[in-house]
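Spelled out from the first residue to the last, the chains are:
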Amino acid sequence: MQLLEEGFLPEASPATAPTAFVSGRPWRRMLQRAVEDGQGRNWTAWYYLGLLNYAEEDFSAAQEAWERSLEHTWTPWALRNLGMLAWECGRLDEAAAALERASDSMPSHLPLAIECGRCLLAADRPQAWLTHLERLPASFRQLGRIRLLEAQAALAVGELGRVARFFDDRVVVPDLREGDHALSDLWFGYCAEQQAARAGVTADAALHSAVRKSQPVPQEYDFRLAGDR
């Protein structure tokens with residue numbers, strides 16, 4: 001209402017995660033005028049302008065707006081968006097660095113932690129995620145999604161005992177959706193690495209293929225669609 005009636009967006013507290021937004025070109029034009037006029041030039045306005053630019057698939061303008069938001073006031077929220085944009089563009093090292101810093105600055109914010117974990121794994125930095133876990137609140141480390149990310153990283157670095165604890169504890173990941181392969185892939189990878197360790201060999205593609213035929217996924221871990229099996 002303040003943007004509509006007074007022509008600028010009020011500045012929010014950097015310590016509070018931004019709320020939802022509406023998109024659309026009329027709103028984008030209003031917000032653009034607000035930052036150009038100067039009175040409405042604050043980190044919040046630049047942040048939301050970046051979101052509206054992104055919604056219009058104007059990615060270079062979105063990046064510029066989030067960078068301007070950071071220049072005005074450093075926040076993990078604008079940095080997170082820059083990291084996610086870098087991830088979408090395939091710049092994984094840049095994305096991982098941004099998301100890790102954003103999560104470190106706001107360790108009590110669970111969505112930032114989850115995005116950080118996913119990005120570090122995508123960037124092939126599993127050990128960095130296992131180290132980052134130690135800086136998160138203890139309550140987070142017991143959550144299903146965080147436990148899954150920990151197990152995925154542990155598998156990547158060969159810490160099979162940590163993966164075994166995930167399955168032994170029968171961890172529930174409540175936000176998994178139908179068609180998600182995360183648990184089934186973790187199961188097959190764990191079984192393959194177990195067999196390889198017992199035989200003193202490397203888990204190659206042939207072993208992974210054989211495991212998929214001989215080690216069915218327990219029902220509670222199988223979110224694959226019928227065609228994926």
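Quantities reported herein were computed from a predicted structural model and do not represent experimental measurements. Every chain is numbered on its own, with residues counted from 1 as its sequence reads. Only residues with pLDDT of at least 70 are given local features in this predicted model, and only at 80 or more are side-chain atom pairs given and counted; all residues enter the totals for whole chains, interfaces and linings. To obtain the side-chain values, all non-hydrogen atoms of the structure were used and water was disregarded.

Peer 1: Give a description of the overall build of the chain that names residues and reports values.
Peer 2: Counting its regular elements, the chain contains 12 helices and 0 strands. Elements are defined by DSSP. Helices are runs of H or I of four residues or more, strands are runs of E of two residues or more, and each kind is numbered from the N terminus. Order of helices (α) and strands (β) in the chain, N terminus to C terminus: α-α-α-α-α-α-α-α-α-α-α-α. Structurally, the chain occupies a C-alpha span of about 70 × 40 × 30 Å along its principal axes. The classification of residues rests on relative accessible area computed with a 1.4 Å probe and restricted to protein chains. Under 20% of the type maximum is buried, over 50% is exposed, and intermediate values are partly exposed. Taken across its 229 residues, the chain has 43% of its residues classed as buried. For this analysis, residues touch if any pair of their heavy atoms sits within 4.5 Å. At a minimum sequence separation of 6, the contacts of the chain that also span at least 24 residues come to 59%.

Peer 1: Any details on the layout of surface pockets? Residues and values, ideally.
Peer 2: It is the rolling of a water-molecule-sized probe over the atoms that shows where space remains empty. For each structure, a 1 Å grid was placed over the protein atoms alone; sets of points admitting a 1.4 Å probe that cannot get out are labelled cavities, open sets with protein on both sides within 12 Å along at least five of seven lines are labelled pockets, and lining residues have an atom within 4 Å of a point. Grid points are joined across faces, edges and corners, and a volume is the space filled by probe spheres set on the points. Considering only enclosed or pocket space, the largest pocket measures out at about 280 Å³ in volume. Residue lining of the largest pocket: 16 residues in total, with Tyr-47, Trp-77, Arg-80, Asn-81 and Glu-115 positioned closest to the centre. Breaking the lining of the largest pocket down by element, the ones donating at least two residues are α3 (43-55), α5 (76-88) and α7 (110-122). When residues of the lining of the largest pocket are assigned to their parent elements, the largest contribution, 6 residues, is made by α5. Mapped by element, the contributors of at least two residues to the lining of the second largest pocket are α2 (25-37) and α3. In the lining of the second largest pocket, the residues fall into 10 nonpolar, no polar and no charged. In this classification, Asp, Glu, Lys and Arg are treated as charged, Ala, Val, Leu, Ile, Met, Phe, Trp, Tyr, Cys and Pro as nonpolar, and every other residue, Gly included, as polar.

Peer 1: How would you explain the nonpolar core if you had to name every residue and give the values?
Peer 2: Formed by 28 residues in total, the largest nonpolar core has its most connected members in Leu-31, Tyr-47 and Trp-66. Elements that contribute at least two residues to this core include exactly α2, α3, α4 (59-72), α5 and α6 (92-105). The element best represented in this core is α3, accounting for 8 residues. With 25 residues, the next largest nonpolar core counts Ala-154, Leu-183, Cys-191 and Leu-207 among its residues. Among buried residues, the Ala, Val, Leu, Ile, Met, Phe, Trp, Tyr and Cys ones that are joined through side-chain atoms within 4.5 Å form a nonpolar core.

Peer 1: Break down the side chain of Ser-103 for me, citing the residues and quoting the values.
Peer 2: Structurally, Ser-103 is set in helix α6. With sequence-adjacent residues up to four places away left out, Ser-103 is seen in contact with Leu-112, Ala-113, Cys-116, His-132 and Leu-136.

Peer 1: Quick one: what's the story with the packing of aromatic side chains, residue by residue and with numbers?
Peer 2: Centres within 6.5 Å make a pair out of two Phe, Tyr or Trp rings, where for Trp the six-membered ring is used; the pair is then stacked when the planes are under 30 degrees apart, edge-to-face when over 60, and tilted otherwise. Following the criterion strictly, the structure yields 8 aromatic pairs and no others. Taking 5.2 Å as the distance between ring centres and 50 degrees as the angle between the ring planes, the aromatic pair formed by Tyr-54 and Phe-59 counts as tilted.

Peer 1: Describe the side chain of Glu-115, with residues and values.
Peer 2: Within the element layout of this structure, Glu-115 appears in helix α7. Note on Glu-115: relative accessible area 16%, which makes it buried. Not counting residues up to four positions away in its chain, the partners in contact with Glu-115 are Arg-80, Met-84, Trp-87 and Leu-99.

Peer 1: Tell me about helix α9 (residues 144-157), and name the residues and values.
Peer 2: Take the residue count of a helix, subtract one, and multiply by 1.5 Å to get its expected span. The terminal C-alpha atoms of α9 lie 20 Å apart, and with 14 residues this matches the ideal 20 Å at 1.5 Å per residue to within 8%. Buried residues dominate α9, accounting for 11 of its 14 residues. Those residues of α9 that fall on the buried side of the exposure criterion are Gly-144, Arg-145, Ile-146, Arg-147, Leu-148, Leu-149, Glu-150, Ala-151, Ala-153, Ala-154 and Leu-155. Looking at the buried side of α9, the elements it contacts are α7, α8 (126-133), α10 (160-168) and α11 (182-199). Among the residues trailing α9, Gly-158 stands out with phi positive, at a value near 85 degrees.

Peer 1: Can you break down unusual backbone geometry residue by residue, with the values?
Peer 2: Backbone phi values are negative for most residues with the exception of glycine, while trans is the configuration of most peptide bonds. For Glu-57, which is not a glycine, the phi torsion comes out positive at approximately 65 degrees. For Glu-57, the position within the fold is in the loop between α3 and α4. The phi dihedral of Arg-170 is positive, around 50 degrees, even though this residue is not glycine. Inspection of the secondary structure assignment puts Arg-170 in the loop between α10 and α11.

Peer 1: Run through a nonpolar patch on the surface, naming residues and quoting values.
Peer 2: For patches, a residue must show more than 30% relative accessible area and have no salt bridge; joins then use 9 Å for like charges and 5 Å for nonpolar side chains, namely Val, Leu, Ile, Met, Phe, Trp and Tyr. For the accessible areas, the method is Shrake-Rupley and the probe is 1.4 Å, while residue cover comes only from the protein chains on display. We define a salt bridge as a contact between a side-chain nitrogen of Lys or Arg and a carboxyl oxygen of Asp or Glu at a distance within 4 Å. Together, Met-1, Leu-4, Val-22 and Trp-27 make up an exposed nonpolar region whose accessible area comes to about 410 Å². By the element assignment, Val-22 lies in the loop between α1 (2-6) and α2.

Peer 1: Please provide a residue-by-residue account of the packing of α8 against α9, values included.
Peer 2: Axis lines are fitted to C-alpha atoms, over the contacting stretch for helices. Their N-to-C directions set the angle, which ranges from 0 to 180 degrees. At their nearest, the axes of α8 and α9 sit 8 Å apart, and the two run at 135 degrees to each other. As judged from the angle between their axes, α8 and α9 are oblique. Crossing of α8 against α9: the hand is left-handed. Along the contact surface, α8 presents Pro-126, Gln-127, Trp-129, Leu-130 and Leu-133, while α9 presents Ile-146, Leu-149, Glu-150, Ala-153, Ala-154, Ala-156 and Val-157. Here the residues of the contact of α8 with α9 sort into 10 nonpolar, 1 polar and 1 charged. Every angle not falling under 35 degrees, over 145, or within 65 to 115 is termed oblique; those three ranges are roughly parallel, roughly antiparallel and roughly perpendicular. A clockwise turn of the near helix away from the far one marks a right-handed crossing, whereas an anticlockwise turn of less than a right angle marks a left-handed crossing.

It is worth stressing that arrangement in space is one thing and function is another; only the former is reported here.
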